[in-house]
Amino acid sequence: MKTKNPAQDPAAPVDRGRRALLAAVPGLLIVPRHVLGGEGFVAPSDRINIAAVGAGGRGEGNIRAVAHENIYALCDIDDRRLSATLAEDFAEPFRDRVASYRDYRRMLDENPEIDAVVISTPDHMHAPIATAAMDLGKHVYVEKPLSHTVAEARHFARRAREVNVVTQMGNQGHAGEGARQINEWVASGELGAVREVHCWTNRPVWPQGVARPEGSTAIPVSMDWNLWLGAAPARPYVDGAYHPFNWRGWVDFGTGVVGDMGAHIIDHPYWALGLDLPHRISASSTRWGRGYGSFPLATRIHFEFAASRGRPAVKMTWHDGGLMPERPAELESGRQMGDESGGALIVGERKTLMHSVYGGDPVLIPESVHLETPAPPRTLARSNGIHQEWIDAIKDRAKATTSDFGYAARLTETMLLGNIAARRAEAHKVLEYDGEAMRFTNDEAANAFLDKEYRTGFGLS
């Protein structure tokens with residue numbers, strides 16, 4: 001639940017380091033270097049006021065992508081990452097005047113002029129921050145995956161409908177040309193009935209299947225560790241263990257490989273086939289980290305989707321950690337499946353479509369079949385980018401985003417159900433899921449993983 005002037009968690013160390021970047025100067029325009037006139041220039045009167053939570057890593061890329069609007073405020077728990085983004089992407093003297101914060105709650109409380117919020121934090125804080133923003137009527141862009149839990153995914157979709165804001169999840173491949181071609185190939189009927197899909201990735205490229213680090217190290221004066229932990233259980237700071245990158249592999253903070261890459265790979269067959277929630281999920285995996293603290297190094301997950309709207313039942317299998325599907329007999333010897341990071345096979349009765357990560361390079365296999373098959377008709381409108389879709393829909397409500405929280409919540413819920421199936425793999429469970437009721441009907445223990453508890457001050461309203 002959003003709280004004004006929240007007290008520090010008494011169990012967390014209080015950061016008394018410098019606060020130079022915390023001086024808020026709302027209302028000032030940040031002028032990115034690349035929009036000081038010329039091509040792409042947007043008149044100040046036409047700009048929306050955007051705040052960004054999370055300034056480093058993917059956050060920096062998201063800020064750049066919307067910087068032709070008015071970046072009104074920036075928030076990051078680490079002053080160093082905030083300073084680096086300002087210095088790299090914004091021209092002097094404007095970077096010295098930006099409204100800068102560590103605490104997103106204070107930023108939202110003090111700046112009612114904010115129209116929209118871009119959220120690029122670790123997964124465990126997506127829902128608390130987005131909820132606080134939506135409760136104030138702010139439009140919201142959330143980096144993938146949408147949520148940390150199934151219950152949060154449902155909350156995202158419901159709350160966005162209630163407050164009627166423009167939403168988008170940041171799975172950028174969804175806006176790509178390949179994504180539309182995949183839809184058009186499936187819709188053309190060239191593949192025939194599709195009953196089988198395989199998705200895979202080479203991730204993780206961060207530690208998984210490992211024990212939680214012991215001890216602690218000094219918290220840098222440039223960061224607020226309590227705010228980074230946010231909704232998660234209190235953990236000691238260990239340099240490099242979680243922040244700024246390795247959090248993805250830890251259950252407290254991330255959603256593992258399927259959460260990270262499923263939004264880039266599963267997304268395309270999921271969209272093209274019009275899938276909803278699976279009714280049966282099972283999995284196998286290598287060992288989880290001690291006490292289920294970190295996700296396993298490799299996972300295979302089976303999702304079963306019921307027949308719907310003239311489409312047959314579909315079985316989708318997810319492979320990660322170096323696991324791969326069987327090589328299709330029709331794929332030429334020596335030809336790579338997907339790309340270095342992964343890909344998907346959409347197996348039809350007549351033909352098979354292969355694509356790489358982000359929906360890139362969709363082709364029928366083998367190459368001879370692709371060359372002799374006419375390209376499907378272009379039936380879908382092309383996108384001007386995942387970020388610009390969102391901005392355009394904010395300015396013109398007659399327009400729509402294609403990865404809004406209605407769609408993104410279902411995709412994310414599906415991925416997270418896979419993690420729960422992997423958690424129950426040691427119990428040899430094939431989970432039966434009632435999507436309407438949001439519960440497993442044959443494993444009460446699995447239902448405990450659909451939701452989570454939140455530390456005081458960082459829950460959902």
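Here the structure is shown first, and the text comes after it.
All values derive from a computational prediction rather than experimental measurement.

Criteria and cut-off values
- Residues numbered from 1 in each chain as written.
- Predicted model: local features only at pLDDT ≥ 70, side-chain atom pairs only at ≥ 80, totals over all residues.
- Heavy atoms only, no water.
- Helix = DSSP H or I, 4+ residues; strand = E, 2+ residues; numbered from the N terminus.
- Polar contact = N/O pair within 3.5 Å; in protein donor to acceptor, adjacent residues only side chain to side chain.
- Salt bridge = Lys/Arg side-chain N within 4 Å of Asp/Glu carboxyl O.
- Buried < 20%, exposed > 50% of the residue type's maximum accessible area, 1.4 Å probe, protein only.

A. Molecular detail of unusual backbone geometry. The omega torsion of the bond from Arg203 to Pro204 falls at 15°, within 30 degrees of zero and hence cis. Structurally, Pro204 is set in the loop between β7 (194–201) and α7 (225–229). The linkage connecting Ile365 with the following residue, Pro366, adopts the cis geometry, with an omega of 0°. Unusually for a residue other than glycine, Asp361 sits at a positive phi of about 50°. Along the chain, Asp361 falls in the loop between β12 (352–356) and β13 (363–365). The backbone of His428 shows a phi angle near 60°, a positive value even though the residue is not glycine.

B. Up close: the side chain of Glu69. Following the sequence through the fold, Glu69 ends up in the loop between α1 (58–66) and β2 (70–75). Of the polar contacts made by the side chain of Glu69, one reaches the backbone nitrogen of Ile48; its length is 2.9 Å.

C. Up close: the pattern of salt bridges. A full pass over the atoms with the stated rule returns 27 salt bridges. Of the charged contacts, one joins Arg280 and Glu432 as a salt bridge, the two residues approaching to 2.9 Å between their closest N and O atoms. You can see Arg280 sitting in strand β8 (residues 280–285) and its partner Glu432 sitting in strand β14 (residues 431–434), a full 152 residues away along the chain. A relative accessible area of 25% places Arg280 in the partly exposed class. Residue classification places Glu432 among the partly exposed positions, given a relative accessible area of 25%. Salt bridges sharing partners connect three or more residues here, namely Glu177, Glu184, Arg378 and Arg382.

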